[in-house]
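# Breakdown of the fold
Chain by chain, the residues:
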Amino acid sequence: MKLGYIRHAWEFGWCREIEEKHTGRYGAKGQTRGKRRKASREEIRKQNQWKRERDVRRLMKWNFGPNDYWMTVTYKKGERPSPEEMKQDTAWLIRTARRRYKKYGQELKYILRMGIGKKGGPHIHILVNRFSTSDTGTDLIFSSIWKKGHINFRTTYEAGGFRDLAKYVTKPLEDWEPETLKRYSPSKNLIRKDPKEKPVNRRSLMDSQGHPIPPKAPKGYYVDPDSIRQGINPVTGFAYRHYTIVKLDRRI
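Residues numbered from 1 in each chain as written. Predicted model: local features only at pLDDT ≥ 70, side-chain atom pairs only at ≥ 80, totals over all residues. Heavy atoms only, no water.

### A closer look at helix α3 (residues 138-145)
The α-helix winds at 3.6 residues per turn, so residues separated by three or four positions along the chain end up facing the same way. Every buried residue of α3 is accounted for by Thr-138, Ile-141, Phe-142 and Ile-145. The buried residues of α3 occupy an angular sector of 90° when projected down its axis, which confines them to one face. Its buried side turned inward, α3 meets β3 (69-74), α2 (83-103), β5 (122-128) and β6 (151-155). (Buried < 20%, exposed > 50% of the residue type's maximum accessible area, 1.4 Å probe, protein only. Helix = DSSP H or I, 4+ residues; strand = E, 2+ residues; numbered from the N terminus. Arc of directions from axis to C-beta. Contact = heavy atoms within 4.5 Å.)

Pasting the structure below:
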């Protein structure tokens, strides 16, 4: 029996990311396979960048929530530390904050990205899990540690959500940023999960006219329209469809 396509699903509780694709192994009912060709250097670059964004976005969804903090750590006006000094400062900040978290029975989780602005201003972006007690909290802890400048705190929701944050964290270095500047770094205690794989029998991602079939959400979910990516892979010649479904009762 020929199968239609393979579905991989990543579960996050409030939403589910889905990637579907036809393969030579499972056939491609109703689809005429396009001619395979070697990917161009630009196509490889774009695909690799998309994968980085996707992987970091999923890492964020598994480990952080809409009320966790996106911090922008800056230096005092006029200070221009070297990339190595920035790395040392960042390591010291994280190390000290981790000890403070542990004191209150909390485990620090983070994803960080160092950068240099167009006008030369050094800064560090840190996505960090937020907690608070009657005595302290994440903002008080980090602000009390960092004396070399200022820290701006925004929730992940206020900062644009995980899709935008993942794009920023994984973006290539700017022309004025040195190669020695570390791109992004996650803490080692972040949760990672494998997808669930399911073959979908006797179906196609393309209609009889060769047009992509839009995804449909199961009962209780809706398809996030900004998440849909579908078409024909120019390298393999097979159809693919990527999208995210969100629970209807999701509240942020």
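### Describing the sheet that holds strand β7 (residues 184-186)
Strand order across the open sheet formed by five strands is β6-β3-β5-β4-β7, with antiparallel pairing between neighbours. Both outer strands of the open sheet, β6 and β7, are each paired with one neighbouring strand and no more. Between one strand axis and the next, the sheet turns by 15° as a mean value, whatever way the strands run. Relative to β6, β3 runs antiparallel, the two being bridged by five bridges. Directly across from Trp-70, in β6, lies its bridge partner Arg-154. On the sheet, α3 packs against β3, β5 and β6 and is oriented at approximately 160° with respect to β6. Lying over the sheet, helix α4 (residues 162-170) contacts β3, β4 (110-116), β5 and β7, oriented at roughly 55° with respect to β4. (Pairing = 2+ DSSP bridges. Axes fitted to C-alpha atoms, helices over the stretch in contact; angles between N-to-C directions.)

### Observations regarding the nonpolar core
Core analysis: the largest hydrophobic core is formed by 25 residues, its most contacted members being Leu-108, Ile-126, Val-128 and Phe-142. Where this core is concerned, the elements lending two or more residues are β3, α2, β4, β5 and α3. Sort the elements by how many residues they give to this core and α2 lands first, with five residues. Excluding residues that lie within four positions of it along the chain, Phe-142 makes contacts with Met-71, Leu-93, Ala-97, Tyr-101, Leu-108, Val-128, Ile-151 and Phe-153. (Core = buried A, V, L, I, M, F, W, Y, C linked by side-chain atoms within 4.5 Å.)

### Overview of the packing of helix α1 (residues 41-63) against α4
Between two packed helices, the angle of one axis relative to the other and the distance separating the axes together describe the packing. The contact between α1 and α4 brings their axes to 8 Å, and the two run at 125°. Comparing their axes, α4 and α1 come out oblique. α4 is crossed by α1, and the crossing has right-handed handedness. Mapping the contact onto sequence places Gln-49, Arg-52, Glu-53, Val-56, Arg-57, Met-60 and Lys-61 in α1 and Phe-162, Arg-163, Leu-165, Ala-166, Lys-167, Val-169 and Thr-170 in α4. Taken together, the residues of the contact of α1 with α4 break down into six nonpolar, two polar and six charged. (Parallel < 35°, antiparallel > 145°, perpendicular 65-115°, else oblique. Left-handed = near helix turned anticlockwise from the far one by under 90°. Nonpolar A, V, L, I, M, F, W, Y, C, P; charged D, E, K, R; others polar.)

### As for the environment of Ala-239
Tracing the chain through its elements places Ala-239 in strand β11 (residues 239-247). Residue Ala-239 is classed as buried on the basis of its relative accessible area of 1%. Along the chain, Ala-239 and Lys-216 lie 23 residues apart, while their C-alpha atoms are 17 Å from each other.

### Observations regarding the packing of α2 against α3
Following both chains from N to C, one finds α2 and α3 inclined at 135°, their axes separated by 10 Å at the closest point. As the angle between them shows, α2 and α3 are arranged oblique. Where α2 crosses over α3, the handedness of that crossing is right-handed. The residues of α3 that touch α2, namely those facing Trp-92, Leu-93, Thr-96, Ala-97, Arg-100 and Tyr-101, are Thr-138, Ile-141, Phe-142, Ser-144 and Ile-145.

### Topic: the confidence of the model for the protein chain
Low pLDDT means the predicted coordinates in that region are not meant to be read closely. Across the protein chain, the average pLDDT comes to 90, with 92% of residues at 70 or higher. Contacts from residues 26-31, a stretch scored under 50 in pLDDT, to residues over four places away or in other chains number 20 contacts. (pLDDT = per-residue confidence, 0-100.)

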